[in-house]
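This is what each chain is made of:
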Amino acid sequence: MGDKYILRGEKVWNDLNLISEPDTFGDDDTNKRFSTNLTFGTAGLRGVMGDDVDQINIYTIRLITQGLCNYLKKNKNKDLSVAIAFDSRRNSKTFAMEAARVFCANSIKVFFNKELQPTPVLSYCVRRFGCDAGVMVTASHNPPEYNGYKCYGPDGSQMVDFCTFQICQEIDKISICDGVKVIKESLDNSAFFKILNSKDYEPYVKAVKRQCPNADLLKNTDLSVVYTPLNGCGKYFVSRILSELGVKNFFMVHEQAEPDEDFKSCKIPNPELEEAFNLAVLLAKKENADIIIATDPDSDRLGVKVKSCGKYITVTGNQIAILFLDYLLTFRHKGPPGKGVVFKSITSTPMADTIAQKNFCRVINVLTGFKNIGEKILELEKSGREKDFIFAFEESCGYLLDTHVRDKDGVAAAVVVCEMAAYYKKINMTLIDKINLLYEKYGFFKEKTLNFEFNGENSASKADKVTSEIRNLSKEEFKEEGPISKGRKTMNKARNLSAGDLKKESPIFKVHEAMDRIRNLSAKELKEMGVSEKIDLLSGHLTDLAKCEKTCFLRKQLLDLPKSDVILFLLGGLGRIIVRPSGTEPKLKVYILLGGEVLRDVTDLMDKLKFWIESIILFD
């Protein structure tokens, strides 16, 4: 892509503000630059805001939206409608308005959230108003310079790869010069534009309250709660619902209460990170709070800290999930044995499988990305078994406690985790105490996620060359193949450039070189580390090192997963290791998930496996 392109000599981007509108589009290079699309990953489309084709700006937002319009019209010709919402990020509302202008120009009705809203509210609106699609303008917990675009289907779940791939195909056909429809008049004058008001959100509030099996506990509790919305959009719903349910000792982090597009108090507003809790811990110590809760900027994820032995201890995403699962099985799920279903990503704790099995429930493991969970819930609904749903989660602090929405709901999770804390406080326990009791009952489980980031000189220009290779691949190469296979072929192309355009210092090359090293480990080395089975989801190939005669349910479930660049090592009954490239960054992610009867044994094995993985990936 080369140097940045300045339209008509204007300075089109200033400190990440909006692109100026050019007078005309007559330049062939302009058309070329703004006729391509960003890439949908595991959680929608995200990118740095800027003036180029692979960045987020009003032109790429319009292009993506027009592609979505064309996709929707291919599936349904009339009476189309969409819901649109946005978070607290820089330019989010403007990008949402630009998307609305395109939808209205295409005669598609828009239900528009005029104030910033959590992602679960967007999912709820899609379902409530019977929309054909939804758009959430957000980059979740990414740094301030990012923004993004999530597409939702009529069930309120993020669109799966098959759908977003078709949208990308539509985008590729569009020219910025004459392929994008945008209304010029005010949206208020459009018959296709409807602004939602406060009454439209009342059903969502009621749906969240219904998820509390012991809501009356909160009326009389002396539980003390500190909350931070991390300058995002969780403040209104979380504080309102907890107040209406009776929580009196509620304190909000003042510096992070209101939306801040610069996230000055926390540059990476991710509730998985310790730094996101710095200000909240100070307030908690001052108020002697029992629990700290934090939602990310679009309020679909929840982080938790609990006071234990005078310190504020992080409850991991996996541990929160286990607490939810046990609590819901105890107080809410009343279905017959064998009917309940729990959904989780393959990278989440196997302790959930153990708890479900011993409570006569079934666990369905899916690939990373909550859209894959949403797809499975839809299948459950279509088979008339929606009431069998118990719980769904991802280890990265994402939870869904009911089917009122089809994406992670940080608001509902925040409310129910406070109820749980109140319940256990009443019997002189903390959430930490409860998770330790669960370990004693079901076994000791430990999980660790290793992130290996790869950097290199001139990585941007090398990435451009790889992108050029993608564009130049023939249609025959992709015939009858999905986006995952296409992506893998792209990476093979990248590897073949290593002698010239794509040097070995390229981050992309390093990530996939590391994947190859792991993929090609010898059977002898794997056996020495206790690996019983290796499953390569890209090839669908199983390597049975232990010569297991029976096909276990987990193995069958994993082999039935869609093709993906993921490698799994099963460690007999002790756990598993999962390795995959990040979908959005030059990063390799390794998940070590272990369980056993003796805590010391589990801890020692974790240290051993961590050292082994690092020695392979960091090999130079």
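Please read all numbers here as calculations on a predicted model, not as lab measurements.

A.B. asks: I keep staring at the confidence of the model for the protein chain and nothing clicks. Help me out?
C.D. replies: Low pLDDT means the predicted atomic positions in that stretch should not be read closely. With 84% of its residues at a pLDDT of 70 or more, the protein chain has an overall mean of 86. This model gives residues 1-37 a pLDDT under 50, and the stretch forms 93 contacts once residues within four places in sequence are excluded.

A.B. asks: Got a minute to help me understand the nonpolar core in this structure?
C.D. replies: Side chains of nonpolar character tend, in soluble globular proteins, to be buried together. Counting residues in each nonpolar core, the largest one holds 91 residues, and the members touching the most others are Ile291, Ile293, Phe324, Phe391, Tyr399 and Val417. At twelve residues, helix α13 (residues 410-426) tops the list of elements feeding residues into this core. Among residues more than four places away in sequence, those in contact with phenylalanine 391 are Ala321, Phe324, Leu325, Leu328, Val341, Val342, Phe343, Tyr399, Leu400 and Leu401.

A.B. asks: Please clarify how the side chain of threonine 295 should be interpreted in this entry.
C.D. replies: Within the secondary structure layout, threonine 295 lies in strand β10 (residues 291-295). Under the relative-accessibility criterion, threonine 295 is labelled buried at 0%. A polar contact is formed between the side chain of threonine 295 and the side chain of tyrosine 227, at a distance of 2.7 Å. Contact partners of threonine 295, with chain neighbours within four places excluded, come to Tyr227, Thr228, Pro229, Leu230, Gly234, Arg301, Leu302 and Gly410.

A.B. asks: Would you mind going over the pattern of salt bridges with me for this structure?
C.D. replies: Here the idea is simple: oppositely charged side chains can pair when their charged atoms come close. Summed over the entire model, instances satisfying the criterion amount to 37 salt bridges. The closest approach of N and O atoms between aspartate 300 and lysine 150, which form a salt bridge, is 3.5 Å. One end of the pair, aspartate 300, is in the loop between β10 and β11 (302-308); the other, lysine 150, is in strand β6 (residues 146-152), with 150 residues separating them in the sequence. With a relative accessible area of 2%, aspartate 300 lands in the buried category. Among the residues examined, lysine 150 registers a relative accessible area of 2% and is labelled buried. Between aspartate 161 and lysine 371 there is a salt bridge whose closest N-O contact spans 2.8 Å. Of the two residues, aspartate 161 sits in helix α5 (residues 161-172) while lysine 371 sits in helix α12 (residues 370-382), which places them 210 residues apart along the sequence. Assessed through its relative accessible area of 29%, aspartate 161 is described here as partly exposed.

A.B. asks: I would appreciate a short explanation of the state of the cysteines in the present structure.
C.D. replies: What is meant by a disulfide is a covalent connection between two cysteines, made through their sulfur atoms. Under the defined criterion, the tally for this structure stands at zero disulfides. Free of any disulfide, cysteine 125 has its nearest neighbouring cysteine sulfur in cysteine 131, separated by 7.8 Å. Its relative accessible area of 2% is what places cysteine 125 among the buried residues.

A.B. asks: Looking at this model, I keep getting lost on α12. Mind explaining?
C.D. replies: The periodicity of an α-helix, 3.6 residues per turn, causes residues three or four places apart in sequence to face the same way. The first and last C-alpha atoms of α12 sit 19 Å apart over 13 residues, in line with the 18 Å expected at 1.5 Å per residue. For α12, the secondary structure elements touched by its buried residues are β1 (40-41), α5, β13 (341-345), β14 (362-366), β15 (389-394) and β16 (398-400). Count one or two residues on from α12 and you reach glycine 384, which has phi positive near 75°.

A.B. asks: Sorry, what's going on with the environment of arginine 301 here?
C.D. replies: Its place among the elements puts arginine 301 in the loop between β10 and β11. Sequence spacing of arginine 301 and serine 396 is 95 residues, and the spatial spacing of their C-alpha atoms is 7.9 Å. Aside from chain neighbours lying at most four places away, what touches arginine 301 is His141, Asn270, Pro271, Glu272, Ala294, Thr295, Asp296, Ser396, Cys397, Lys408 and Gly410. A polar contact of 3.0 Å, which involves the side chain of arginine 301, links it to the side chain of histidine 141. Here the side chain of arginine 301 touches asparagine 270 through a polar contact of 2.6 Å, side chain to side chain.

A.B. asks: What exactly am I supposed to notice about the packing of aromatic side chains here?
C.D. replies: Given two aromatic rings, their pairing is described by the distance between the two centres and the angle made by the two planes. Applying the stated rule across the entire model yields 19 aromatic pairs. Look at tyrosine 204 and phenylalanine 237: their rings are 5.4 Å apart centre to centre, the planes differ by 85°, and that puts the pair in the edge-to-face class. On the criterion of sequence distance, the pair formed by tyrosine 204 in helix α6 (residues 202-209) and phenylalanine 237 in helix α8 (residues 235-244) is long-range, its members being 33 residues apart. Residue class for tyrosine 204 comes out buried when judged on its relative accessible area of 1%. Put simply, the rings of Tyr124, Tyr201, Tyr204, Tyr236 and Phe237 pair up and form one aromatic cluster. A cation over a ring is seen here: lysine 305 above phenylalanine 277, with NZ or CZ 5.6 Å from the ring centre.

A.B. asks: Can you walk me through unusual backbone geometry in this structure?
C.D. replies: Trans is the prevailing form of peptide bonds, just as negative phi is the prevailing case for residues other than glycine. Positive phi, normally seen in glycine, also occurs at leucine 230, with a value near 50°. Among the structural elements, leucine 230 can be located in the loop between β8 (224-228) and α8. Even without being glycine, asparagine 428 reaches a positive phi, approximately 60°. Relative to the assigned elements, asparagine 428 resides in the loop between α13 and α14 (431-442).

A.B. asks: Would you explain the pairing of β15 in this entry?
C.D. replies: It is a general feature of regular strands that their side chains alternate between the two faces of the sheet. With six of six residues buried, β15 is to be regarded as a mostly interior element. Bridge analysis of β15 against β16 gives three bridges, and the strand direction is antiparallel. By the bridge assignment, glutamate 394 is partnered in β16 with glycine 398. The antiparallel hairpin formed by β15 and β16 contains three residues in its connecting segment, where cysteine 397 sits at a positive phi of about 65°.

A.B. asks: I'm lost on the sheet that holds β10 in this one. Help?
C.D. replies: Backbone-to-backbone hydrogen bonds join strands into a sheet, with any given pair of strands oriented parallel or antiparallel. Reading across from one edge, β9-β8-β10-β11-β12 is the order of the five strands in this open sheet, with mixed pairing throughout. Pairing within the sheet leaves two strands with one partner each, and these edge strands are β9 (249-252) and β12 (311-315). Across this sheet, the average inter-strand angle for adjacent strands is 25°, counted without regard to direction. Sheet analysis places β8 next to β10, joined by four bridges and oriented parallel. Across the sheet, the residue bridging to valine 226 is isoleucine 292, located in β10. This element, α8, spans β8, β9 and β10 of the sheet and lies at about 165° to β9. The sheet contacts of helix α9 (residues 278-287) involve β8, β9, β10, β11 and β12, and relative to β8 the element is tilted by about 160°.

What counts, and at which threshold
- Residues numbered from 1 in each chain as written.
- Predicted model: local features only at pLDDT ≥ 70, side-chain atom pairs only at ≥ 80, totals over all residues.
- Heavy atoms only, no water.
- pLDDT = per-residue confidence, 0-100.
- Contact = heavy atoms within 4.5 Å.
- Core = buried A, V, L, I, M, F, W, Y, C linked by side-chain atoms within 4.5 Å.
- Buried < 20%, exposed > 50% of the residue type's maximum accessible area, 1.4 Å probe, protein only.
- Helix = DSSP H or I, 4+ residues; strand = E, 2+ residues; numbered from the N terminus.
- Polar contact = N/O pair within 3.5 Å; in protein donor to acceptor, adjacent residues only side chain to side chain.
- Salt bridge = Lys/Arg side-chain N within 4 Å of Asp/Glu carboxyl O.
- Disulfide = S-S within 2.5 Å.
- Expected span 1.5 Å × (residues − 1).
- Phe/Tyr/Trp six-rings, centres within 6.5 Å; stacked < 30°, edge-to-face > 60°.
- Lys NZ or Arg CZ within 6 Å of the ring centre and 35° of its normal.
- Pairing = 2+ DSSP bridges.
- Axes fitted to C-alpha atoms, helices over the stretch in contact; angles between N-to-C directions.

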